[in-house]
Amino acid sequence: MTTRSAPGGPSSAGGASPARRAWGGFVVFLRVLRANPLTLVGFLLVVLLAGAALVMLTVPHLLTPYSVNQLTLDYNQAPSWHHPFGTDGTGLDIYAMVLYAIPIDLAIAFAIAGAALFWGGALGLVAGFWDKPGTLGGALSVVILRVTDIFLSFPSLILALAIAVSLGRGVPQLILAVLLTWWPFYVRLVRGETLAVKHLPYVMAARAAGVTEGRIVLRHVLRNVVEPVVVYFTLDIGTVLVTLSTIGFIGLGVNYPFTPEWGSMISYYQSAGLISAYPWTVLGPGLAIFLTVLAFSLLGDGLRDVLDPRSRRVLAGTGTGGASSTSPSEREGATAEPSLNRSGLPEPIPTASRGVSSP
Amino acid sequence: MTGKALVEAEGLQKFFPLTRSVTDLVRHLPRRAIHAVDGVSLTVRARETVGLIGESGSGKTTLGWLISRLHEPTGGSLRFDGEDVLALRGNELRRWRRNVQVVFQDPVGSLDPRLKVWQIVGEPLRAQGELGKGEIRAHVKDLLPTVGLPPDCLDQFPHEFSGGGRQRLSLARALSVDPRLVVLDEPTSALDVAVQAQILNRLVELQKEREVAYLLITHNVAAVRYVADRVAVMYLGQAVEVGGVREVLEHPIHPYTKALLAAVPVADARRRRTRFKIGGDVPSLVNPAPGCRFAPRCPFVIDRCRVEDPLLREIPGAPGQLVACHRAEEVREIAPVSLLTTVDDRSTGAAASA
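Keep in mind that this is a model prediction, so the values were computed, not measured. For every chain, the first residue of the written sequence is number 1, and numbering continues from 1 along that sequence. Here the convention is simple: chains get letters from A, ligands get numbers from 1, in the order in which they are written. With the structure being a predicted model, the display of local features is reserved for residues of pLDDT at least 70 and the display and counting of side-chain atom pairs for 80 or more, all residues being used for whole-chain, interface and lining totals. Excluded from the side-chain calculation are hydrogens and water; included are all heavy atoms of the structure.

We place a 1 Å grid over just the protein atoms. Points where a 1.4 Å probe fits but has no way out form a cavity, open points with protein on both sides within 12 Å along at least 5 of 7 lines form a pocket, and any residue with an atom within 4 Å of a point lines it. Grid points are joined across faces, edges and corners, and a volume is the space filled by probe spheres set on the points. What the largest pocket holds in volume is close to 1500 Å³. Lining the largest pocket are 37 residues; nearest its centre among them are Lys132(A), Met204(A), Arg207(A), Leu70(B) and His71(B). Secondary structure elements are defined from DSSP: runs of H or I of at least 4 residues count as helices, runs of E of at least 2 residues count as strands, and each element is numbered from the N terminus. When contributions to the lining of the largest pocket are tallied by element, the ones reaching two or more residues are helix H8 (201–209) of chain A together with strand E1 (5–17), helix H2 (60–67) and helix H3 (90–96) of chain B. When residues are grouped by polarity, Ala, Val, Leu, Ile, Met, Phe, Trp, Tyr, Cys and Pro land in nonpolar, Asp, Glu, Lys and Arg in charged, and all others, Gly among them, in polar. Of the residues belonging to the lining of the largest pocket, the class tally is 16 nonpolar, eight polar and 13 charged.

Before going further, it helps to spend a moment on the environment of Thr72(A). Residues and elements named next belong to chain A. Along the chain, Thr-72 falls in the loop between helix H3 (37–58) and helix H4 (94–129). Note: C-alpha distance between Thr-72 and Val-41 (31 residues apart in sequence) is 35 Å. Contacts are assigned to residue pairs that have any heavy atoms within 4.5 Å of one another. Residue contacts for Thr-72: discarding those within four places in its chain leaves Tyr-66, His-83, Thr-87, Thr-90 and Gly-91. Counted as a polar contact is a pair of N or O atoms within 3.5 Å, where, for protein atoms, one must be capable of donating a hydrogen and the other of accepting one, and residues adjacent in sequence contribute only when both atoms are in side chains. A polar atom in the side chain of Thr-72 sits 3.0 Å from the backbone oxygen of Asp-74. A distance of 2.7 Å separates a polar side-chain atom of Thr-72 from the backbone oxygen of Gly-91.

Now for the sheet that holds strand E8 (residues 213–217) of chain B. Residues and elements named next belong to chain B. A pair of strands counts as paired when DSSP detects no fewer than two bridges linking them. One open sheet accounts for eight strands, arranged E6-E7-E8-E3-E9-E10-E13-E12; its pairing is mixed. Every interior strand has two partners, whereas the edge strands, strand E6 (100–103) and strand E12 (313–315), have only one. Going across the sheet, the axis of each strand differs from the next one's by a mean of 20°, ignoring polarity. Strand direction decides the pairing type here: strand E3 (residues 49–53) and strand E9 (residues 230–235), joined by four bridges, are parallel. Among the inter-strand pairings, Leu-52 is bridged to a residue of E9, identified as Ala-232. Docked against the sheet, helix H8 (residues 193–210) engages E3, strand E7 (181–185) and E8, running at close to 155° with respect to E8. What counts as an axis is a line fitted to C-alpha atoms, over the stretch in contact for a helix, and the angles between N-to-C directions run from 0 to 180 degrees.

All names here are of chain B. Strands sit in the order E2-E1-E4-E5 across an open sheet of four strands; the sheet is antiparallel. Of all the strands in the sheet, just strand E2 (33–45) and strand E5 (83–84) have a single pairing partner and so form its edges. When strand E4 (residues 75–80) meets E5, the two strands line up antiparallel, connected through two bridges. Directly across from Phe-80, in E5, lies its bridge partner Glu-83. Taken strand by strand, H2 contacts E1, E2 and E4, and its axis lies near 120° from that of E1.

All names here are of chain B. Along the chain, Gln-167 falls in helix H7 (residues 163–175). Gln-167 sits in the buried class, given a relative accessible area of 2%. A polar contact is formed between the side chain of Gln-167 and the backbone oxygen of Gln-105, at a distance of 3.5 Å. Apart from the residues within four sequence positions on either side, Gln-167 is in contact with Val-103, Phe-104, Gln-105, Pro-107, Pro-187, Leu-191 and Ile-199. Only protein chains enter the accessibility calculation, which uses a 1.4 Å probe. A residue is then buried if its area is under 20% of the maximum for its type, exposed if over 50%, and partly exposed in between.

A few words on the domain arrangement of chain B. Residue and element names in this part refer to chain B. Each domain's limits were defined by an automated method or a database of domain assignments. The assigned domain composition of chain B is domain 1 (5–247) and domain 2 (251–353). Domain 1 puts 26 residues into the contact, and the matching count from domain 2 is 25 residues. Computed with a 1.4 Å rolling probe, the buried area is the accessible surface lost when two parts are put together, summed over both parts. Together, the buried faces of domain 1 and domain 2 total about 2200 Å²; carbon and sulfur atoms form 59% of this surface. If you sort the residues of domain 1 by the area they bury against domain 2, Tyr-235, Leu-236 and Glu-241 come out on top, with a joint share of 30%. Salt bridges are defined as contacts in which a side-chain nitrogen from Lys or Arg sits within 4 Å of a carboxyl oxygen from Asp or Glu. For the pair domain 1 and domain 2, the number of links is one salt bridge.

Attention shifts here to the pattern of salt bridges. Side chains carrying opposite charge are able to pair once their charged atoms draw close together. This structure, assessed with the given rule, holds 21 salt bridges over all chains. Here Glu72(B) and Arg89(B) are joined by a salt bridge, their closest N and O atoms 3.8 Å apart. A residue pair is termed long-range when its members are at least 10 positions apart, and Glu72(B) in the loop between H2 and E4 and Arg89(B) in the loop between E5 and H3 qualify at 17 residues. Linked by salt bridges that have partners in common, Arg146(A), Asp149(A) and Arg188(A) make up one network.

So, on to helix H9 (residues 213–250) of chain A. Residues and elements named next belong to chain A. Here a helix's expected span is defined as the number of its residues, less one, multiplied by 1.5 Å. End to end, H9 covers just 48 Å across 38 residues, shorter than the expected 56 Å (1.5 Å per residue, more than 12% under). One fitted axis covers the seven residues ending at a residue, a second covers the seven starting there, and the bend at that residue is the angle between these axes. The largest bend in H9 amounts to roughly 45° and is located at Leu-222. Of the residues one or two after H9, Gly-251 is the one with positive phi, at around 100°.

Here we take up unusual backbone geometry. Cis geometry is found at the peptide bond from Tyr256(A) to Pro257(A), where omega equals 5°. Position of Pro257(A) relative to the elements: it lies in the loop between H9 and helix H10 (262–271). A positive phi is found at Leu236(B), a non-glycine position, where the angle reads about 50°. Structurally, the position occupied by Leu236(B) is in the loop between E9 and strand E10 (238–244). Judged by its relative accessible area of 5%, Leu236(B) falls in the buried class.

This next bit is on empty space enclosed by the protein. Residues and elements named next belong to chain B. Overall, the coordinates contain one cavity of 30 Å³ or more when judged by the stated rule. The calculated volume of the largest cavity comes to roughly 80 Å³. Along the walls of the largest cavity sit 14 residues, with Pro-255, Cys-292, Cys-298, Cys-305 and Cys-325 positioned nearest its centre. Among the residues forming the lining of the largest cavity, the class breakdown is 11 nonpolar, two polar and one charged.

What follows is about the environment of Asn201(B). Residue and element names in this part refer to chain B. Assignment of secondary structure puts Asn-201 in helix H8. The exposure class of Asn-201 is buried, given its relative accessible area of 9%. In this structure, the C-alpha to C-alpha distance between Asn-201 and Thr-74, residues 127 residues apart in sequence, is 36 Å.

All names here are of chain A. Two rings from Phe, Tyr or Trp (for Trp, the six-membered ring) form a pair when their centres sit within 6.5 Å of each other. Planes less than 30 degrees apart are called stacked, planes more than 60 degrees apart edge-to-face, and all others tilted. Per the stated rule, a full pass over the model turns up 17 aromatic pairs over all chains. Residues Tyr-256 and Tyr-269 carry aromatic rings whose centres are separated by 5.7 Å and whose planes lie at 70° to one another, so their mutual orientation is edge-to-face. Taken as a pair, Tyr-256 in the loop between H9 and H10 and Tyr-269 in helix H10 lie far apart in primary sequence, 13 residues in all. The pair Tyr-256 / Tyr-269 is uniform in exposure class, with both members buried. Feature note: the residues Phe-110, Phe-233 and Phe-296 constitute an aromatic cluster, connected by ring pairs. Any Lys NZ or Arg CZ that is within 6 Å of a ring centre and within 35 degrees of that ring's normal is treated as a charge sitting over the ring. Just above the ring of Phe-129 sits the side chain of Lys-198; from NZ or CZ to the centre is 6.0 Å.

In structure tokens:
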């Protein structure tokens, strides 16, 4: 692992234990963060969000004195020390509702992007790797891609809205509606990456080594496809959130105020027509959406560096480790081994002395 | 030095079908295909090195991949150690693969950037499924010094190595399962000249130590002269001349071999050089016309060459040298100089500098 060849690190040649490998990865990650302040901001925001979500699920009263949907006696209050984002006409504390929405919004976004990644990615991998015409895999590939094309040919937001209308309001319905329009992007993405990777010589080398096709897919193709896909996934969380909010804004999302969700919150207060009088009601959820999308976008860009072993080495500052270990032999060989004539080509050895065979 | 036949390829063919265009369909034209390898017979004996030379697109690599069963041949037969290799399927084929390993041309692309040295070099061992992780690491550690790499780089990534270092990794990977034949697909063409020489020297040493046979695919005639015992010359998917390296390179018979060898630059200012120019372009590999592939460009062409495929045959007076040319006996002694445009390098050089 990277840490072991780093200066000062133990340089054992033994196998890397999973714990050690994870620690090494973490160290690299910290170095990437140090080198890239924007990624650090994104990372801290995501950690903050995750922490807040966890707290809201377990001991919400650490962050807010109010329970979900608890009405206060203050209504239509401007932001104050007691109500950081103010209150609405029924006395709901906006700040509390925004906090209670964190785990729900994150869960919905991850569920949608995650399921899309899983199904779309698996289909894309199959369609990309087994695409030889005239085989079973080729036929399957064509079916997958044409269905994907059909889904992609609809404007995805309109399709999601249509599905949301037909399914009705609620969290599972919302997830399903967005998911149904979301997976085709992952099919296209993963298929494209798979096509690029599967013709690389190292895949051929694995085949020549006798590695089974299934193992080639998992060990060589998937591992080299994962990096851009994970980066895309992280950036995609933000996009899903915006789509969710849009659906919520139109009024087809979850049922606020019974379920707190940012997009639906904005929709609810906006439809009351009182934005100009009580603008803080939409300010809180709007800010939450903005920060969450920003956090994942910033983090996604930095992830690319963490996942690529080539940039890892550069960031870890041990770039000369490998070169110094190979070049001595090269240098030593250069003086000892080759016999060069002026043309720069190896001196021909008289073939007769090498025992030419005749059939 | 060399033993009994290891690889016996008979009339191997590999056609890559082209998708039919709309105009072809409308005109009811037959399906077209690229005839990358079209009826090549080649024998590689145990412990010998066969050089495979020819220009780009002559089917050298495709033939190498056919012999290592990375391509499924369109036709012909392939025997390895007497066994019909083309009949092997599934697990049998996978077990057979330990006999024939490949070193690829591209030292960057042929190593998975996400795997460490021990995983890359140990991959064939792992695929054969006989050894555990610890044993593979130990084996790789022992193997690395034999290709000239330090044994302590097991946990490095390929991008930490130079081009020569990567090609050594490739070589170590190929040798890890003790193959009987290694197909070297232009193993040195991506490397600089000094490193090329090191790799070639290492190959020669390893062959002595490990008693492995090489099929060296290259367009570097000097490398073939240096390393190979026998040589096969390919042109447009066919072997035009096969024989001992000295016989073929010193006394080429086939007009194409003569032309190819005359095109190899020699850096020697004192030597009066005549350059042998082949007229015309390389014809298309798509559904080639019958007859000798070289006929459109050959200065010795006769009508027979355009209708009848010449077969590889032994020429009286040149034992062990197989030539696919109808007029082999007649053209044998003809030096390329006498019949074609010759360019005196010295005079043109002087003219250029004047």
